[in-house]
Amino acid sequence: MRFELNEILNIGEKNGFAIPAFNVYTMENVLGVMNAAQETGSPVIFQMYSRLFGTQVGKFLAPVILEAINELKTPAAFHIDHGTGEDMVIRAIRYGATGAMIDASTLPLQENISKTKRVVEFATAAGISVEGELGHIGNTAEEISSEYTNVDDAVQYVEQTSVKALAIMVGTAHGKYKQTPKLAIDRIAQIHAATDAHLVLHGGSGVPDEQIKQAINAGIRKINFATDLAHAFIDGCRELDAKKYPLDVYLAHPTEKVKEFAISKIKLCGSDKY
Ligand code: 13P
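Criteria and cut-off values
Residue numbers restart at each chain and count upward from 1, following the sequence in its written direction. This being a predicted model, a pLDDT of at least 70 is required before a residue's local features are given, and a value of 80 or more before pairs of side-chain atoms are given or counted; all residues contribute to the totals for chains, interfaces and linings. Side-chain metrics rest on all non-hydrogen atoms present in the structure, leaving aside hydrogens and water. By convention, a stacked pair of Phe, Tyr or Trp rings (six-membered ring in the case of Trp) has centres within 6.5 Å and planes under 30 degrees apart, an edge-to-face pair has planes over 60 apart, and any other such pair is tilted. Helix numbering and strand numbering both begin at the N terminus, where a helix is a DSSP run of H or I of at least 4 residues and a strand a DSSP run of E of at least 2. Type-normalised accessible area, obtained with a 1.4 Å probe on protein chains alone, sets the label of each residue: buried when under 20%, exposed when over 50%, and partly exposed for intermediate values. Residue proximity to a molecule or strand is established when one non-hydrogen atom of the residue lies within 4 Å of it. Distance and chemistry together define a polar contact, namely a pair of N or O atoms within 3.5 Å, with one atom able to donate a hydrogen and the other to accept it when in protein, and with adjacent residues in sequence counting only for side-chain atoms on both sides. Using the Shrake-Rupley algorithm and a 1.4 Å probe, accessible areas are obtained, with residue cover drawn only from the displayed protein chains. Side-chain classes follow a simple rule in which Ala, Val, Leu, Ile, Met, Phe, Trp, Tyr, Cys and Pro form the nonpolar group, Asp, Glu, Lys and Arg form the charged group, and the remainder, Gly included, forms the polar group. Put simply, a salt bridge is a Lys or Arg side-chain nitrogen that is within 4 Å of an Asp or Glu carboxyl oxygen. Following DSSP output, two strands are said to pair if at least two bridges run between them. Look down the strands so they point away from you; if the path from the first strand over the helix to the second goes clockwise, the crossover is right-handed. A fitted line through C-alpha atoms represents every axis, and for helices the fit uses only the stretch in contact; the resulting angles, taken between N-to-C directions, go from 0 to 180 degrees. The contact definition used throughout considers only heavy atoms, calling two residues in contact when any of these lie within 4.5 Å.

### Comments concerning the packing of aromatic side chains
Alright, step 1. Enumeration over the complete set of coordinates arrives at six aromatic pairs.
Alright, step 2. Seen from their ring centres, phenylalanine 53 and phenylalanine 78 are 6.0 Å apart, and the 25° between their planes marks the pair as stacked. Note that phenylalanine 53 is positioned in the loop between strand S2 (44-49) and helix H3 (56-71) and phenylalanine 78 in strand S3 (residues 76-83), a separation of 25 residues in sequence. In terms of burial, phenylalanine 53 and phenylalanine 78 fall into one category: buried.
Alright, step 3. Among the aromatic residues, those joined into a ring-pair cluster are Phe22, Phe225 and Phe261.

Shown next, in the form of structure tokens:
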């Protein structure tokens, strides 16, 4: 069932759980996540990284995602992750996205606000809501991580941009962690109390379960998982003898691995309680 970003995150807020957002790269990834949602009855978000909206893969994957959403009886959204600019967000809307992220988090506050605001204006006109990012969430390969999102800045950013979802820097990063992350749970709770935007945790792969649960209790409503989904798929491929099977049969195993991975994160997020 097709849901818009704010609509699906409202379900999380109402029920006190988070909606898992899975980055997908292939049709088998989409099928694995769809089957997980079907089996658990959970709402889910399918998302593609911004660059895919500029490639042949993304062009052909978008209709597969929309088909999966139509097939699902539970709420499901289609989101552009880390939109790099207006061009990619416009492309995503044309491809049927029901939510859009614009990531201007490396810019100074006022520039981030004005770039995000422009995207909110045209995305709202197109009937979808926007996720912004404040406090830069880097990747695990970087030596220095950015400062945590400031509460007052978050209030100003949400008020002036009208974003419905806000990705915050609270100690996570994208990719495989070299050291176990330690999330700033208090900061999540402070930002949750101070703003109406649904809070988003990026870099979900590798965060210990206990910390994910604490983050949800403190107010996180969307959690992104990319790296570990890709690993579930690739490990599933490696476990098989490629010469032995026709490809569709061969790919059934990694698809199942993605499903198992997605089910474990759905349960961790608590969205199977929907
Ligand atoms: P991971 O790859 O660390 O799971 O992060 C995913 C993410 O936040 C996508 O925006």
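Moving on from the model shown.
### Digging into the side chain of threonine 140
Alright, step 1. Within the secondary structure, threonine 140 is located in the loop between strand S5 (129-134) and helix H6 (151-161).
Alright, step 2. Judged by relative accessible area, threonine 140 falls into the buried class, the value being 14%.

### Describing the site of the ligand
Alright, step 1. Taken together, 15 residues sit near the ligand, with Asp81, Gly203, Ser205, Ala226 and Thr227 positioned nearest.
Alright, step 2. Taking alanine 226, its main chain carries an N or O atom lying 2.9 Å from an oxygen atom of the ligand.
Alright, step 3. Across the complex, the protein chains shield 99% of the 300 Å² of accessible surface that the ligand would expose by itself.
Alright, step 4. Each residue belonging to the shell around the ligand can be placed in one class, and the counts come to four nonpolar, ten polar and one charged.

### Let's talk about the pattern of salt bridges
Alright, step 1. For the structure on display, the rule yields nine salt bridges.
Alright, step 2. One salt bridge in this structure joins arginine 221 and glutamate 13, with 2.9 Å as the shortest N-O distance. Of the two residues, arginine 221 sits in strand S8 (residues 220-225) while glutamate 13 sits in helix H1 (residues 5-15), which places them 208 residues apart along the sequence.
Alright, step 3. You can call arginine 221 buried: its relative accessible area is 5%.
Alright, step 4. Residue glutamate 13 is classed as partly exposed on the basis of its relative accessible area, which comes to 32%.
Alright, step 5. The network of salt bridges with shared partners includes Glu39, Glu256 and Lys259.

### Considering the pairing of strand S6 (residues 165-168)
Alright, step 1. Of the two faces of S6, the one holding Ala165 and Ala167 and the one holding Leu166 and Ile168 are both buried throughout.
Alright, step 2. Pairing of S5 with S6 involves four bridges; the strand directions are parallel. What sits directly across from glutamate 131, in S6, is alanine 165.
Alright, step 3. Viewed along the sheet, the connection from S5 through H6 into S6 turns out right-handed.
Alright, step 4. As for the winding sense of the linkage, the β-α-β connection from S6 through helix H7 (residues 185-194) to strand S7 (residues 198-201) is right-handed.

### A few points about the sheet that holds S3
Picture the strands of a sheet paired through backbone hydrogen bonds; they go either parallel or antiparallel.
Alright, step 1. Around the barrel, eight strands lie side by side as S1-S2-S3-S4-S5-S6-S7-S8; this closed barrel has parallel pairing. The sheet shows a mean angle of 25° between the axes of neighbouring strands, taken without regard to direction.
Alright, step 2. Across the sheet, H7 touches S6, S7 and S8, and the angle it forms with S7 is around 155°.

### Observations concerning unusual backbone geometry
Alright, step 1. Positive phi, close to 55°, is recorded for histidine 82, a residue that is not glycine.
Alright, step 2. If you trace the backbone, histidine 82 turns up in strand S3.
Alright, step 3. Relative accessible area serves as the criterion here: at 12%, histidine 82 is assigned to the buried category.

So, to be careful, I would describe these as geometric facts and stop short of saying anything about function.
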